[in-house]
Amino acid sequence: MQTDLNPFVYSRPVAPDDVIDRDREIADLLAHAAGGHFVRLYAPRKYGKTSLLRRALRDAERAEGMVPVLVDLYGVLSLADITVRIERAYAQQLKGPLRSRIDALLQRTGLGLSLTAMGIGVRLQLEPKADPLPALHALLDLPLRLAESGERRALIVFDEFQDIARVEAMDALLRSHIQLQGEVASYVFAGSEPGLMRRLFEEQERPLYGQAVPMRLGRLDDGDIAAYVSDRFRGTERGVGEGLGPLLRTAQGHPQRAMLLAHRLWEEVPRGEEAAGDHWPSALERALVELTPEFEARWQRMSTAEQKTVRSLIEGRGAAYRTHVLARLGLSKSSAQNALQSLASRAEVETVGKAHALVDPLFALWVERLGREEPPQ
């Protein structure tokens, strides 16, 4: 049995106790939830959004007595998809007598709903033409049924909420239910694509316009990352040593990238030693090799104007419209402005102070190297 295990998790959401530097955001979110407010939470992908949400749900149950439910909507394409996701969320997260009562209530509807393995997903497979809408209405009504049976306020989180934009009129259907549930349920609508989230909540013609308090997750503080990384190195009989400074400068507060770099650095340092010499350069190279397929795919999905705009941001150190950079790249200012807007809507680029920056610092480093490798024009 292995006992010397790498303590840095970066390929999946972390346990609630391992969430770094999010106490203020969690406290704000729970205050809104306890007050009956709805929240829309935005964070770029790999910013620890799901980990934070799991911690918030755990704390809401412990501190506020709420019924916690996390629904993952990533990739949903239809009402049937959403129906199955909500049913499975309740099935996976409700425990004990409450689970039994809800399961009995759902089965009495006669709609094929169940918190067992024989739920709506099975019915829809057996009857492909079955209409999922009645079952979806029943599931969205569950907070009211919970209240009628004397249960506590529910805290329901829809993660990757922007994907409901692919399902026609789903936001209108959802609003028809949640507008009646302010006294019994609180909702968090969490998303990772700012353009779609703004469309859903900020366009006046959309049903959810003005329905939720906006919150945004920012980058982590270097001090909090440093404390976390140093503690876990010490806890596994290692020292982060000379690797800590370049790790912090390279990660730039990006939560997942900081953990990836810490993971790779830890792998380079033998037990009983601390990081020095070639440990950091080797760790960085291994991280970039691991990420190269992801970065190549991301780069190829961008238009030529977007690629040039990314290059102009990097070479201009956050300034997108430096005349000599645009001229060398063959990019007009208007094209750069349009590309920048598109990149920001997909959370590839964000504003940091008065400058622009790529959300992913390792992707920025990869693109910078790509530019250096190109032959002269």
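In the block above lies the structure referred to throughout.
What counts and how
Residues numbered from 1 in each chain as written. Predicted model: local features only at pLDDT ≥ 70, side-chain atom pairs only at ≥ 80, totals over all residues. Heavy atoms only, no water. Buried < 20%, exposed > 50% of the residue type's maximum accessible area, 1.4 Å probe, protein only. Helix = DSSP H or I, 4+ residues; strand = E, 2+ residues; numbered from the N terminus. Pairing = 2+ DSSP bridges. Axes fitted to C-alpha atoms, helices over the stretch in contact; angles between N-to-C directions. Parallel < 35°, antiparallel > 145°, perpendicular 65-115°, else oblique. Left-handed = near helix turned anticlockwise from the far one by under 90°. Contact = heavy atoms within 4.5 Å. Nonpolar A, V, L, I, M, F, W, Y, C, P; charged D, E, K, R; others polar.

Another aspect to go through is the pairing of strand 1 (residues 39–42). Side chains Val39 and Leu41 project from strand 1 onto one buried face, and the interleaved Arg40 and Tyr42 project onto a second face that is buried too. The pairing of strand 1 with strand 4 (residues 185–191) spans four bridges and is parallel. In the sheet register, Leu41 faces strand 4, and the bridge partner there is Ala190. As paired elements, strand 1 and strand 5 (residues 213–216) share four bridges and run parallel to each other.

Once that is clear, we can look at the pairing of strand 2 (residues 67–72). Most of strand 2 sits inside the fold, with five of its six residues counted as buried. Relative to strand 3 (residues 154–159), strand 2 runs parallel, the two sharing six bridges. Residue Leu70 lies in a different strand from strand 3, and its bridge partner there is Val157.

Quick look at the packing of helix 10 (residues 222–235) against helix 11 (residues 244–251) now. Taken N-terminus to C-terminus, the directions of helix 10 and helix 11 make an angle of 135°; their axes are 11 Å apart at the nearest point. Comparing their axes, helix 11 and helix 10 come out oblique. Both helix 10 and helix 11 take part in a crossing whose hand is right-handed. Each of Asp222, Ile225, Ala226, Val229 and Ser230 in helix 10 lies in contact with helix 11, whose residues at this interface are Leu244, Leu247 and Leu248. Residues that form the contact of helix 10 with helix 11 fall into these classes: six nonpolar, one polar and one charged.

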